[in-house]
Amino acid sequence: MEVPHQDQRSRSSKPLTIHAFAHSGDLLSFQKLLRANPSLLNERNPVMAQTPLHVSAGNNRAEIIKFLLDWRGEEKVELEAKNMYGETPLHMAAKNGCNDAARLLLAHGAFVEAKANNGMTPLHLAVWYSIRSEDCSTVKTLLEYNADCSAKDNEGMAPINHLSIGPGSAKLRKLLECHLEEQRKKRALEACSETKAKMEELENALSDIVGLNELKVQLRKWAKGMLLDERRRALGLKVGVRRSPHMAFLGNPGTGKTMVARILGRLLHLVGILPTDRVTEVQRTDLVGEFVGHTGPKTRRKIKEAEGGILFVDEAYRLIPMQKADDKDYGLEALEEIMSVMDSGKVVVIFAGYSEPMKRVIASNEGFCRRVTKFFHFDDFTSEDLAKIVHIKMNNQQEDGLLYGFSLHSKCSIAAIATLIDKETTEKQRKEMNGGLVDTMLVNARENLDLRLDFDCVDCDELCTITLEDLEAGLRLLSQ
């Protein structure tokens, strides 16, 4: 009788673990052990902290992988479990050229772009295996699942960067270059589609702005430039980061300066110039303190609140006193605080106010015109402009708005409303109120609608339709 070798006796006396069966591919023993103790499903082994799925994937044990992936117990197999190096089971299959295992894992939803601690994806490791073995099968499988050929590891290296120049890597290089080009084209097409959608959203927002053609042209330039930069980056090109310039909005009250600032915030965020669409609206009282040492902290708090978006300084001319000798006024200190952060790129500042008084602001600081490079003049609205605003407002009512659910009668065309405004208001009224005239007129018109309707009215259209008669009554009340 043959006496077993000492090493064989010691090995046979040591109980085999779930990881050992996963390594050897002993399916029956693996199934028996796991069914007896389901808690071993995601058990970590010593040192490497690998699960049975890691081990079976790294040794191409397809039957065991299938059994694990189809496990119906209370606990589910951890498809994205990471070992001590941050590697998933798919990493293990890729680094060892285990193509069957890789296919099984990917078919069950394994994340093809998972990154290990060194930033390497499964494709990086599959390329390393292919260099050593001249077997590209696992690389091809990962590429079938659209593995990113341009993914960078922690050293900034893409999978293709790990290839040597020698002839042994020529086949693999050609394969990666082909897929890299296909992915670039696909990203460019996706970016183009997204760009068109964003430009359409931009145009929809611009359609709510009446007049201001110069501003609209500028917004289109910024948007198109930013969106083209997105496309350039999708093609792998490196381009500089754009910044939105600081601006001044000059014009009378009611000409839409605040509304345009809010739309501008949304648009600049949409095209990627600003990280948020937040517009922080401030006036002198929000910035200027009443005693020495109070203004600086007060202004800095508002600037901090506006970071990542727009700081809209309304009636900015009130920061500069009419009399230069007024040394007790702290408005200039607030302006200097704002000017000090305008080069940081953390916030876009818009100064707004009447055209003539704003000259004081411009003249008060040498760096104003260097920092504020875009000046937009908001002209007073004509009667036709105001009529267009009526239509825009009625078509864009929010649920909490007083006129939500109401509509204009078919006879309330832009031309008819413009004629009515011309007839019932003076040029002085229109210049002083501008867009404010529309809100007051519509509120008065709804009240007139309520006044002329009978309680027994059951016609739904009549109950919610504002007529020219109502608008006319609204304008007459305004004049009174």
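Residues numbered from 1 in each chain as written. Predicted model: local features only at pLDDT ≥ 70, side-chain atom pairs only at ≥ 80, totals over all residues. Heavy atoms only, no water.

### Quick look at the domain arrangement of the protein chain
Considered domain by domain, the protein chain is made up of domain 1 (18–162), domain 2 (243–378) and domain 3 (383–477). For domain 1 versus domain 2, the distance between C-alpha centres works out to 56 Å. (Domains from an automatic or database assignment.)

### Focus on the sheet that holds strand E1 (residues 246–251)
An order of E2-E3-E4-E1-E5 is seen for the five strands of this open sheet, with the pairing classed as parallel. What marks the edges here is a single partner per strand, and that holds for strand E2 (279–282) and strand E5 (372–378). Strand after strand, the sheet turns through a mean of 20 degrees between neighbouring axes, direction not considered. Note: E1 against E5, six bridges, orientation parallel. Looking at E5, one finds that leucine 250 is bridged to histidine 377. Packing of helix H15 (residues 331–341) onto the sheet brings it into contact with strand E3 (310–313) and strand E4 (348–353), and relative to E4 it is tilted by some 145 degrees. (Pairing = 2+ DSSP bridges. Helix = DSSP H or I, 4+ residues; strand = E, 2+ residues; numbered from the N terminus. Axes fitted to C-alpha atoms, helices over the stretch in contact; angles between N-to-C directions. Contact = heavy atoms within 4.5 Å.)

### Quick look at the packing of aromatic side chains
On inspection of all chains with the given rule, the structure shows six aromatic pairs. Here phenylalanine 30 and phenylalanine 67 contribute two aromatic rings whose centre-to-centre distance is 6.3 Å and whose plane-to-plane angle is 85 degrees, an arrangement assigned as edge-to-face. Of the two residues, phenylalanine 30 is situated in helix H3 (residues 27–36) and phenylalanine 67 in helix H5 (residues 62–69); the sequence distance between them amounts to 37 residues. Assessed through its relative accessible area of 13%, phenylalanine 67 is described here as buried. Both rings, one in phenylalanine 249 and one in phenylalanine 376, keep their centres 6.1 Å apart while their planes meet at 75 degrees; by these two values the pair is edge-to-face. Highlighted residues: phenylalanine 249 in strand E1 and phenylalanine 376 in strand E5, separated in sequence by 127 residues. Neither residue differs from the other here; phenylalanine 249 and phenylalanine 376 are each classed as buried. By way of ring pairs, the aromatic residues Phe30, Phe67 and Trp71 are connected into one cluster. (Phe/Tyr/Trp six-rings, centres within 6.5 Å; stacked < 30°, edge-to-face > 60°. Buried < 20%, exposed > 50% of the residue type's maximum accessible area, 1.4 Å probe, protein only.)

### Brief notes about the pattern of salt bridges
What the rule picks out here adds up to 22 salt bridges. Between lysine 423 and glutamate 424 there is a salt bridge, and its shortest N-O distance comes to 3.9 Å. Among the charged side chains, a network of salt bridges with common partners joins Lys423, Glu424, Glu472 and Arg476. (Salt bridge = Lys/Arg side-chain N within 4 Å of Asp/Glu carboxyl O.)

### Some words on the UniProt feature "repeat: ANK" (unreviewed entry) in the protein chain
Annotation from UniProt places "repeat: ANK" (unreviewed entry) at residues 85–117 and 118–154. Secondary structure content for residues 85–117 is 48% helix and 0% strand, while the C-alpha to C-alpha distance between its ends is 6 Å. For residues 118–154, helix accounts for 54% and strand for 0%, while the C-alpha atoms at its two ends are 6 Å apart. (UniProt positions renumbered as here; feature names shortened; annotations may be inferred.)

### Re the side chain of histidine 246
Take histidine 246: it is sitting in strand E1. Polar side-chain contacts of histidine 246 include one of 3.0 Å to the backbone nitrogen of valine 349. (Polar contact = N/O pair within 3.5 Å; in protein donor to acceptor, adjacent residues only side chain to side chain.)

### Considerations on the packing of helix H18 (residues 383–395) against helix H21 (residues 436–452)
Between H18 and H21, the shortest axis-to-axis distance is 10 Å and the interhelical angle comes to 60 degrees. Taken together, the axes of H18 and H21 lie oblique to each other. Classified by chirality, the crossing of H21 by H18 is right-handed. Residue-level contacts link Leu386, Ile389, Val390, Lys393 and Met394 of H18 to Leu437, Val438, Asp439, Met441 and Leu442 of H21. Its residues placed into classes, the contact of H18 with H21 shows eight nonpolar, no polar and two charged. (Parallel < 35°, antiparallel > 145°, perpendicular 65-115°, else oblique. Left-handed = near helix turned anticlockwise from the far one by under 90°. Nonpolar A, V, L, I, M, F, W, Y, C, P; charged D, E, K, R; others polar.)

### Details of the environment of glutamine 218
Within the element layout of this structure, glutamine 218 appears in helix H11 (residues 213–234). By relative accessible area, glutamine 218 is classed as buried at 11%. For the pair glutamine 218 and isoleucine 421, spaced 203 residues apart in the sequence, the C-alpha separation amounts to 31 Å. Excluding its chain neighbours within four sequence positions, the residues that come into contact with glutamine 218 are Lys374 and Phe376.

### Describing the nonpolar core
Ranked by internal contacts, the top residues of the largest apolar core, which has 47 residues, are Phe30, Leu34, Leu105, Leu123, Val139, Leu142 and Leu176. Non-local contacts of valine 139, meaning those with residues more than four positions away in its chain, are made with Leu123, Ala126, Val127, Ser130, Leu172, Leu175 and Leu176. In this structure, Ala223, Ile263, Val348 and Ile350 belong to the second largest nonpolar core, which totals 31 residues. (Core = buried A, V, L, I, M, F, W, Y, C linked by side-chain atoms within 4.5 Å.)

### Structural notes on the state of the cysteines
For the structure on display, the rule yields zero disulfides. Not engaged in a disulfide, the cysteine cysteine 412 finds its nearest cysteine sulfur in cysteine 464; these two sulfurs lie 14 Å apart. (Disulfide = S-S within 2.5 Å.)

### A word on a negative patch on the surface
Taken together, the side chains of Asp454, Asp456, Asp459, Asp461 and Glu462 make up a negatively charged region of the molecular surface. By secondary structure assignment, the location of glutamate 462 is in helix H22 (residues 460–463). Residue glutamate 462 is classed as partly exposed on the basis of its relative accessible area of 38%. (Patch = residues over 30% accessible without salt bridge, like charges linked within 9 Å, V, L, I, M, F, W, Y side chains within 5 Å. Areas by Shrake-Rupley, 256 points an atom, 1.4 Å probe, with all protein chains shown as cover. Lys, Arg positive; Asp, Glu negative; His and termini not counted. Charge placed at Lys NZ, Arg CZ, Asp CG, Glu CD.)

### Things to note about the confidence of the model for the protein chain
Overall, the prediction assigns the protein chain a mean pLDDT of 85, with 92% of residues at 70 or greater. Low pLDDT (under 50) marks residues 1–13, which in the prediction has two contacts with non-local residues, meaning those over four places away or in another chain. (pLDDT = per-residue confidence, 0-100.)

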